[in-house]
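Structure assessment
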Amino acid sequence: EDLVSQMHDDLYDGLADEIVEGVEILLSRGWGADRVLNDALVEGMGIVGIDFRDGILFVPEVLLAAKAMKAGMAIIRPILAETGAEPMGKVVIGTVKGDIHDIGKNLVAMMMEGAGFDVIDLGINCDVEAYLSALEEHQPDILGMSALLTTTMPYMKTVIEALNERDLRSKYIVLVGGAPLDENFGKAIGADGYCRDAAIAAEMAKQMVT
Ligand code: B1M
(Lines give C-alpha, C1' and ligand atoms only; values in the text may rest on other atoms or scores of the structure.)
Protein backbone atom coordinates (compact mmCIF):
# COMPACT_ATOMS: atom_id res chain seq x y z
CA GLU A 1 0.00 0.00 0.00
CA ASP A 2 2.81 2.39 0.95
CA LEU A 3 4.71 1.37 -2.14
CA VAL A 4 1.68 2.01 -4.34
CA SER A 5 1.30 5.57 -3.09
CA GLN A 6 5.06 6.04 -3.44
CA MET A 7 4.66 4.90 -7.05
CA HIS A 8 1.86 7.40 -7.61
CA ASP A 9 4.31 10.08 -6.48
CA ASP A 10 7.10 8.66 -8.66
CA LEU A 11 4.80 8.63 -11.67
CA TYR A 12 3.80 12.21 -10.91
CA ASP A 13 7.49 13.11 -10.81
CA GLY A 14 8.21 11.17 -14.01
CA LEU A 15 10.74 8.84 -12.41
CA ALA A 16 10.92 5.90 -14.82
CA ASP A 17 13.61 3.91 -12.97
CA GLU A 18 11.66 4.08 -9.74
CA ILE A 19 8.49 2.96 -11.51
CA VAL A 20 10.30 -0.01 -13.03
CA GLU A 21 11.67 -0.92 -9.62
CA GLY A 22 8.25 -0.53 -7.99
CA VAL A 23 6.58 -2.75 -10.59
CA GLU A 24 9.22 -5.42 -10.03
CA ILE A 25 8.80 -5.30 -6.26
CA LEU A 26 5.00 -5.61 -6.45
CA LEU A 27 5.28 -8.55 -8.86
CA SER A 28 7.82 -10.23 -6.56
CA ARG A 29 5.31 -9.83 -3.74
CA GLY A 30 2.92 -11.95 -5.74
CA TRP A 31 0.72 -9.20 -7.11
CA GLY A 32 -0.97 -10.07 -10.40
CA ALA A 33 0.14 -8.03 -13.42
CA ASP A 34 -3.37 -6.62 -13.87
CA ARG A 35 -3.48 -5.41 -10.27
CA VAL A 36 -0.08 -3.71 -10.59
CA LEU A 37 -1.24 -2.10 -13.81
CA ASN A 38 -4.51 -0.80 -12.41
CA ASP A 39 -3.64 0.13 -8.83
CA ALA A 40 -0.15 1.51 -9.34
CA LEU A 41 -0.01 2.81 -12.92
CA VAL A 42 -3.50 3.60 -14.20
CA GLU A 43 -4.59 5.11 -10.90
CA GLY A 44 -1.37 7.14 -10.70
CA MET A 45 -1.90 8.46 -14.22
CA GLY A 46 -5.40 9.49 -13.16
CA ILE A 47 -3.87 11.79 -10.55
CA VAL A 48 -1.54 13.25 -13.17
CA GLY A 49 -4.55 13.80 -15.44
CA ILE A 50 -6.44 15.76 -12.81
CA ASP A 51 -3.53 18.10 -12.13
CA PHE A 52 -2.90 18.54 -15.85
CA ARG A 53 -6.54 19.56 -16.28
CA ASP A 54 -6.29 21.96 -13.37
CA GLY A 55 -3.17 23.63 -14.73
CA ILE A 56 -0.88 22.37 -11.97
CA LEU A 57 1.13 20.16 -14.32
CA PHE A 58 2.16 21.06 -17.86
CA VAL A 59 2.93 19.13 -21.05
CA PRO A 60 6.64 18.41 -20.31
CA GLU A 61 5.81 16.98 -16.89
CA VAL A 62 2.96 14.92 -18.26
CA LEU A 63 5.25 13.59 -20.99
CA LEU A 64 7.72 12.44 -18.35
CA ALA A 65 4.93 10.79 -16.41
CA ALA A 66 3.76 9.08 -19.61
CA LYS A 67 7.32 7.86 -20.25
CA ALA A 68 7.55 6.46 -16.73
CA MET A 69 4.19 4.76 -17.18
CA LYS A 70 5.37 3.19 -20.43
CA ALA A 71 8.53 1.88 -18.75
CA GLY A 72 6.33 0.14 -16.18
CA MET A 73 3.95 -1.17 -18.84
CA ALA A 74 6.87 -2.70 -20.75
CA ILE A 75 7.44 -5.11 -17.85
CA ILE A 76 3.78 -5.93 -17.46
CA ARG A 77 2.96 -6.46 -21.14
CA PRO A 78 4.71 -9.85 -21.65
CA ILE A 79 3.18 -11.20 -18.43
CA LEU A 80 -0.34 -10.25 -19.51
CA ALA A 81 0.27 -11.70 -22.97
CA GLU A 82 1.44 -15.07 -21.62
CA THR A 83 -2.05 -16.32 -20.81
CA GLY A 84 -3.51 -16.84 -24.31
CA ALA A 85 -2.75 -19.99 -26.30
CA GLU A 86 -4.98 -20.25 -29.40
CA PRO A 87 -5.42 -16.74 -30.82
CA MET A 88 -8.96 -15.48 -30.20
CA GLY A 89 -8.81 -13.38 -33.33
CA LYS A 90 -6.99 -10.43 -34.82
CA VAL A 91 -7.24 -6.74 -33.95
CA VAL A 92 -5.94 -3.69 -35.78
CA ILE A 93 -5.85 -0.66 -33.49
CA GLY A 94 -4.64 2.92 -33.71
CA THR A 95 -5.14 6.45 -32.42
CA VAL A 96 -6.90 8.66 -34.97
CA LYS A 97 -5.44 11.44 -37.11
CA GLY A 98 -4.42 14.58 -35.27
CA ASP A 99 -4.18 12.78 -31.94
CA ILE A 100 -0.94 11.64 -30.33
CA HIS A 101 -2.34 10.23 -27.06
CA ASP A 102 -1.39 6.57 -26.93
CA ILE A 103 -1.29 5.40 -23.32
CA GLY A 104 -4.91 4.28 -23.24
CA LYS A 105 -4.64 2.69 -26.68
CA ASN A 106 -1.50 0.83 -25.58
CA LEU A 107 -3.33 -0.46 -22.53
CA VAL A 108 -6.18 -1.68 -24.69
CA ALA A 109 -3.69 -3.42 -26.99
CA MET A 110 -2.06 -5.07 -23.96
CA MET A 111 -5.34 -6.24 -22.48
CA MET A 112 -6.45 -7.62 -25.82
CA GLU A 113 -3.15 -9.47 -26.19
CA GLY A 114 -3.75 -10.79 -22.69
CA ALA A 115 -7.20 -11.97 -23.79
CA GLY A 116 -5.53 -13.93 -26.57
CA PHE A 117 -5.83 -11.65 -29.59
CA ASP A 118 -3.13 -10.96 -32.14
CA VAL A 119 -2.85 -7.18 -32.02
CA ILE A 120 -1.47 -5.03 -34.80
CA ASP A 121 -0.83 -1.59 -33.34
CA LEU A 122 -0.70 1.20 -35.92
CA GLY A 123 0.44 3.77 -33.36
CA ILE A 124 -0.81 7.36 -33.35
CA ASN A 125 -2.07 9.92 -35.83
CA CYS A 126 -3.64 7.32 -38.16
CA ASP A 127 -5.44 8.64 -41.22
CA VAL A 128 -8.05 6.80 -43.29
CA GLU A 129 -5.36 5.44 -45.60
CA ALA A 130 -3.36 3.97 -42.69
CA TYR A 131 -6.42 2.16 -41.35
CA LEU A 132 -7.57 0.93 -44.76
CA SER A 133 -4.21 -0.42 -45.82
CA ALA A 134 -3.73 -2.19 -42.47
CA LEU A 135 -7.21 -3.74 -42.75
CA GLU A 136 -6.42 -4.89 -46.26
CA GLU A 137 -3.04 -6.30 -45.25
CA HIS A 138 -3.99 -8.01 -41.97
CA GLN A 139 -7.67 -8.88 -42.49
CA PRO A 140 -8.49 -8.57 -38.77
CA ASP A 141 -11.77 -9.40 -37.04
CA ILE A 142 -11.78 -6.10 -35.21
CA LEU A 143 -10.83 -2.50 -35.92
CA GLY A 144 -10.16 -0.47 -32.77
CA MET A 145 -9.86 3.32 -32.74
CA SER A 146 -8.82 5.62 -29.93
CA ALA A 147 -9.29 9.40 -29.54
CA LEU A 148 -8.56 11.57 -26.51
CA LEU A 149 -9.49 14.97 -27.87
CA THR A 150 -12.94 16.34 -28.58
CA THR A 151 -11.42 17.77 -31.77
CA THR A 152 -10.19 14.38 -33.05
CA MET A 153 -13.05 12.08 -32.05
CA PRO A 154 -15.17 13.03 -35.12
CA TYR A 155 -12.44 11.50 -37.27
CA MET A 156 -13.67 8.08 -36.19
CA LYS A 157 -16.80 8.78 -38.16
CA THR A 158 -14.70 9.71 -41.18
CA VAL A 159 -13.03 6.29 -41.02
CA ILE A 160 -16.34 4.46 -40.64
CA GLU A 161 -17.78 6.40 -43.59
CA ALA A 162 -14.75 5.44 -45.68
CA LEU A 163 -15.44 1.78 -44.84
CA ASN A 164 -19.09 2.23 -45.82
CA GLU A 165 -18.17 3.85 -49.13
CA ARG A 166 -15.99 0.87 -50.01
CA ASP A 167 -18.56 -1.71 -48.86
CA LEU A 168 -16.13 -2.88 -46.20
CA ARG A 169 -18.02 -1.88 -43.08
CA SER A 170 -19.70 -5.26 -42.51
CA LYS A 171 -16.37 -7.13 -42.74
CA TYR A 172 -15.10 -5.73 -39.45
CA ILE A 173 -16.27 -5.24 -35.89
CA VAL A 174 -15.53 -1.60 -35.08
CA LEU A 175 -14.80 -0.77 -31.43
CA VAL A 176 -14.02 2.75 -30.24
CA GLY A 177 -12.81 4.30 -27.01
CA GLY A 178 -11.14 7.26 -25.34
CA ALA A 179 -11.91 9.57 -22.44
CA PRO A 180 -14.17 12.10 -24.24
CA LEU A 181 -16.37 9.43 -25.89
CA ASP A 182 -19.53 7.84 -24.60
CA GLU A 183 -22.07 5.21 -25.56
CA ASN A 184 -24.19 7.66 -27.54
CA PHE A 185 -21.26 8.90 -29.56
CA GLY A 186 -20.36 5.32 -30.44
CA LYS A 187 -23.89 4.68 -31.64
CA ALA A 188 -24.11 7.97 -33.51
CA ILE A 189 -21.01 7.27 -35.62
CA GLY A 190 -22.07 3.69 -36.35
CA ALA A 191 -19.49 1.79 -34.30
CA ASP A 192 -20.33 -1.71 -33.03
CA GLY A 193 -19.24 -0.86 -29.52
CA TYR A 194 -17.97 1.85 -27.22
CA CYS A 195 -15.47 0.65 -24.59
CA ARG A 196 -15.16 2.68 -21.41
CA ASP A 197 -11.87 1.10 -20.42
CA ALA A 198 -9.30 -1.47 -21.51
CA ALA A 199 -10.80 -4.34 -19.53
CA ILE A 200 -14.20 -3.74 -21.11
CA ALA A 201 -12.57 -3.48 -24.54
CA ALA A 202 -10.96 -6.92 -24.14
CA GLU A 203 -14.20 -8.40 -22.79
CA MET A 204 -16.29 -6.92 -25.59
CA ALA A 205 -13.80 -8.08 -28.22
CA LYS A 206 -14.01 -11.63 -26.88
CA GLN A 207 -17.81 -11.60 -26.84
CA MET A 208 -18.07 -10.24 -30.34
CA VAL A 209 -15.78 -12.78 -32.02
CA THR A 210 -17.31 -15.83 -30.35
CO1 B1M B 1 -3.38 15.48 -23.46
N2 B1M B 1 -5.23 16.12 -23.19
N3 B1M B 1 -3.09 16.96 -24.71
N4 B1M B 1 -1.49 14.96 -23.42
N5 B1M B 1 -3.79 14.43 -21.91
C6 B1M B 1 -6.08 15.26 -22.30
C7 B1M B 1 -6.81 14.19 -23.12
C8 B1M B 1 -7.07 16.36 -21.68
C9 B1M B 1 -8.43 15.78 -21.28
C10 B1M B 1 -6.36 17.06 -20.51
C11 B1M B 1 -7.20 18.13 -19.89
O12 B1M B 1 -7.21 19.23 -20.36
N13 B1M B 1 -7.92 17.80 -18.87
C14 B1M B 1 -7.16 17.39 -22.85
C15 B1M B 1 -8.28 17.17 -23.87
C16 B1M B 1 -9.42 18.17 -23.75
C17 B1M B 1 -10.48 17.89 -24.75
O18 B1M B 1 -10.28 17.54 -25.88
N19 B1M B 1 -11.69 18.10 -24.32
C20 B1M B 1 -5.78 17.26 -23.47
C21 B1M B 1 -5.17 18.25 -24.28
C22 B1M B 1 -5.93 19.53 -24.43
C23 B1M B 1 -3.92 18.05 -24.89
C24 B1M B 1 -3.16 19.03 -25.80
C25 B1M B 1 -4.01 19.77 -26.83
C26 B1M B 1 -2.41 19.98 -24.86
C27 B1M B 1 -1.65 21.07 -25.55
O28 B1M B 1 -0.74 20.84 -26.31
N29 B1M B 1 -2.10 22.27 -25.28
C30 B1M B 1 -2.14 18.11 -26.50
C31 B1M B 1 -2.70 17.48 -27.78
C32 B1M B 1 -1.70 16.73 -28.60
C33 B1M B 1 -2.36 15.93 -29.71
O34 B1M B 1 -2.83 14.85 -29.50
N35 B1M B 1 -2.43 16.49 -30.90
C36 B1M B 1 -1.95 17.07 -25.44
C37 B1M B 1 -0.75 16.38 -25.21
C38 B1M B 1 -0.56 15.44 -24.23
C39 B1M B 1 0.80 14.84 -23.90
C40 B1M B 1 1.68 14.62 -25.14
C41 B1M B 1 1.50 15.73 -22.93
C42 B1M B 1 0.38 13.52 -23.14
C43 B1M B 1 0.22 12.30 -24.07
C44 B1M B 1 1.36 11.31 -23.93
C45 B1M B 1 1.04 10.02 -24.61
O46 B1M B 1 -0.09 9.56 -24.71
N47 B1M B 1 2.07 9.40 -25.08
C48 B1M B 1 -1.02 13.90 -22.64
C49 B1M B 1 -1.69 13.22 -21.60
C50 B1M B 1 -0.91 12.14 -20.89
C51 B1M B 1 -3.03 13.55 -21.23
C52 B1M B 1 -3.85 13.06 -20.01
C53 B1M B 1 -3.28 13.77 -18.80
C54 B1M B 1 -3.87 11.58 -19.72
C55 B1M B 1 -4.30 10.70 -20.87
C56 B1M B 1 -4.00 9.27 -20.49
O57 B1M B 1 -3.00 8.72 -20.93
N58 B1M B 1 -4.85 8.71 -19.62
C59 B1M B 1 -5.31 13.52 -20.40
C60 B1M B 1 -6.19 13.85 -19.21
C61 B1M B 1 -7.16 12.73 -18.90
O62 B1M B 1 -7.58 11.98 -19.75
N63 B1M B 1 -7.53 12.68 -17.68
C64 B1M B 1 -5.07 14.52 -21.47
C65 B1M B 1 -4.66 7.40 -19.07
C66 B1M B 1 -5.29 6.35 -19.98
C67 B1M B 1 -5.11 4.98 -19.33
O68 B1M B 1 -6.68 6.62 -20.09
O69 B1M B 1 -6.46 7.44 -22.46
O70 B1M B 1 -8.70 7.55 -21.28
P71 B1M B 1 -7.41 6.88 -21.50
O72 B1M B 1 -7.73 5.40 -22.04
C73 B1M B 1 -8.63 4.53 -21.38
C74 B1M B 1 -10.07 4.60 -21.92
O75 B1M B 1 -10.39 5.87 -22.45
C76 B1M B 1 -10.16 3.49 -22.90
O77 B1M B 1 -9.33 2.51 -22.31
C78 B1M B 1 -8.19 3.14 -21.75
C79 B1M B 1 -7.68 2.30 -20.61
O80 B1M B 1 -8.64 1.99 -19.65
N81 B1M B 1 -9.71 3.67 -24.29
C82 B1M B 1 -10.09 2.82 -25.27
C83 B1M B 1 -8.86 4.55 -24.83
N84 B1M B 1 -8.69 4.31 -26.13
C85 B1M B 1 -9.43 3.24 -26.44
C86 B1M B 1 -9.60 2.57 -27.65
C87 B1M B 1 -10.43 1.46 -27.67
C88 B1M B 1 -11.10 1.05 -26.51
C89 B1M B 1 -10.94 1.72 -25.30
O90 B1M B 1 -10.55 0.85 -28.86
C91 B1M B 1 -11.26 -0.32 -28.95
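- Taking an unreviewed UniProt entry as the reference, the protein chain is identified by name as 5-methyltetrahydrofolate--homocysteine methyltransferase belonging to Actibacterium pelagium.
- The Sequence similarities (unreviewed entry) field of the UniProt record for the protein chain holds the comment "Belongs to the methylamine corrinoid protein family."

Here's the deal with the overall build of the protein chain
- Along the backbone of the protein chain there are 9 helices and 5 strands.
- Listed by position from the N terminus, the elements making up the protein chain come as α-α-α-α-β-α-β-α-β-α-β-α-β-α.
- In terms of overall size, the protein chain behaves like a compact globule, its C-alpha atoms giving a radius of gyration of 17 Å where 210 residues would be expected to give roughly 17 Å.
- Over its C-alpha atoms, taken along the principal directions, the protein chain stretches across nearly 55 × 40 × 25 Å.
- A total of 210 residues make up the protein chain; the buried ones form 47% of that total.
- Counting only contacts in the protein chain whose residues sit at least 6 apart along the sequence, the fraction spanning at least 24 positions is 71%.
- As displayed, the protein chain offers around 10,500 Å² of accessible surface, 53% of which is attributable to carbon and sulfur atoms.
- Within the protein chain, one finds 16 positive and 35 negative side-chain charges whose respective centroids are separated by 6 Å.

Some thoughts on helix α1 (residues 2–12)
- Looking only at α1, the buried set comprises Leu3, Val4, Met7, His8, Asp10 and Leu11. Looking straight down α1, one finds that the buried residues subtend no more than 165° of arc, so they occupy a single side.
- Each element contacted by the buried residues of α1 is listed here: α2 (16–28), α3 (33–53) and α4 (59–81).
- Residue Gly14 follows α1 closely and has a positive phi angle near 70°.

Looking at the coordination of the cobalt atom of the ligand
- Among all protein atoms, only His101 (NE2) binds the cobalt atom of the ligand, sitting 2.1 Å from it.
- Following the sequence through the fold, His101 ends up in the loop between β1 (89–95) and α5 (103–114).

Quick notes on the packing of aromatic side chains
- In the structure shown here, the tally under the stated rule is 0 aromatic pairs.
- Directly above the aromatic system of Trp31 lies the positively charged group of Arg35, at a separation of 3.6 Å from the ring centroid.

With respect to unusual backbone geometry
- One non-glycine residue, Gln139, adopts positive backbone phi at about 45°.
- With respect to the helices and strands, the residue Gln139 is situated in the loop between α6 (128–138) and β3 (142–146).
- Even without being glycine, Asp167 reaches a positive phi, approximately 60°.
- Here Asp167 shows up in the loop between α7 (155–165) and β4 (173–177).

Reading the values: the criteria
- Residues numbered from 1 in each chain as written.
- Predicted model: local features only at pLDDT ≥ 70, side-chain atom pairs only at ≥ 80, totals over all residues.
- Heavy atoms only, no water.
- UniProt positions renumbered as here; feature names shortened; annotations may be inferred.
- Helix = DSSP H or I, 4+ residues; strand = E, 2+ residues; numbered from the N terminus.
- Rg over C-alpha atoms; globule rule 2.2 N^0.38 Å.
- Buried < 20%, exposed > 50% of the residue type's maximum accessible area, 1.4 Å probe, protein only.
- Contact = heavy atoms within 4.5 Å.
- Areas by Shrake-Rupley, 256 points an atom, 1.4 Å probe, with all protein chains shown as cover.
- Lys, Arg positive; Asp, Glu negative; His and termini not counted.
- Charge placed at Lys NZ, Arg CZ, Asp CG, Glu CD.
- Arc of directions from axis to C-beta.
- Donors = N, O, S within 2.8 Å, 3.2 Å for Na, K, Ca; no water.
- Phe/Tyr/Trp six-rings, centres within 6.5 Å; stacked < 30°, edge-to-face > 60°.
- Lys NZ or Arg CZ within 6 Å of the ring centre and 35° of its normal.

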